[in-house]
Amino acid sequence: QVQLVESGGGLVQPGGSLRLSCAASGFTFSTAVMSWYRQVPGKERKLVALITSAGGGTNYADDVKGRFTISRDNAKNTVYLQMNSLKPEDTAVYYCYAVFSKAYWGQGTQVTVSS
């Protein structure tokens, strides 16, 4: 059974940092393209960052470039999202997304940036 379990969300002040983790199981993690998406109420889910299966390629949404870093540890079956210089507009539910022969979503973790 495929599972994606996000953690690391929470409340942080503007300018602060958080690191999200997504622990994967039930599939061959090293073959999956992994992504982070985010969603705010009433709006569509949007891509934040993507990393290729071997980790050699990454892609970021324009509004997080230079502030967020996606990485993966294939030995730990985990993908990370390091978020620095957080802004109130980064407030959202963040979802982990895995694509291999099929596609799966995690349950999401709330990130709130507020003073």
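Scroll up for the structure.
The paragraphs below set out a description of the structure included in this document. For clarity, every value in this text was computed on a predicted model and none was experimentally measured. (Residues numbered from 1 in each chain as written. Predicted model: local features only at pLDDT ≥ 70, side-chain atom pairs only at ≥ 80, totals over all residues. Heavy atoms only, no water.)

Focus: the nonpolar core
Counting 29 residues, the largest nonpolar core has Met 34, Trp 36, Val 79, Leu 81, Met 83 and Tyr 94 as its most contacted members. Of all the secondary-structure elements, those providing two or more residues to this core are β3 (18-25), β4 (33-39), β5 (46-51), β7 (68-73), β8 (78-83), β9 (92-99) and β11 (109-113). When neighbours within four sequence positions are excluded, Val 79 is seen to be in contact with Leu 20, Ser 21, Cys 22, Phe 29, Met 34, Trp 36, Ile 51, Ile 70, Ser 71, Arg 72 and Cys 96. (Core = buried A, V, L, I, M, F, W, Y, C linked by side-chain atoms within 4.5 Å. Buried < 20%, exposed > 50% of the residue type's maximum accessible area, 1.4 Å probe, protein only. Helix = DSSP H or I, 4+ residues; strand = E, 2+ residues; numbered from the N terminus. Contact = heavy atoms within 4.5 Å.)

A short note on the state of the cysteines
This model, assessed by the stated rule, comprises one disulfide. Paired through a disulfide, Cys 22 and Cys 96 show a sulfur-sulfur distance of 2.1 Å. Around the S-S axis, the bridge from Cys 22 to Cys 96 shows a dihedral of about -80° and counts as left-handed. Pair noted here: Cys 22 is in strand β3 and Cys 96 is in strand β9, with a separation of 74 residues, a long-range link. Note on accessibility: Cys 22 and Cys 96 belong to one class, buried. (Disulfide = S-S within 2.5 Å.)

A closer look at the pattern of salt bridges
Evaluated as defined, the whole model comprises four salt bridges. Here Asp 90 ties to Arg 38 by a salt bridge, and the two come within 2.9 Å at their closest N and O atoms. Of this pair, Asp 90 sits in the loop between β8 and β9 while Arg 38 sits in strand β4, and the two are 52 residues apart along the sequence. Pair check on accessibility: Asp 90 and Arg 38 agree, each one buried. One salt bridge in this structure joins Lys 65 and Asp 62, with 3.2 Å as the shortest N-O distance. With relative accessibility at 48%, the residue Lys 65 sits in the partly exposed group. (Salt bridge = Lys/Arg side-chain N within 4 Å of Asp/Glu carboxyl O.)

So far we have only geometry, and geometry alone does not tell us how the molecule works.
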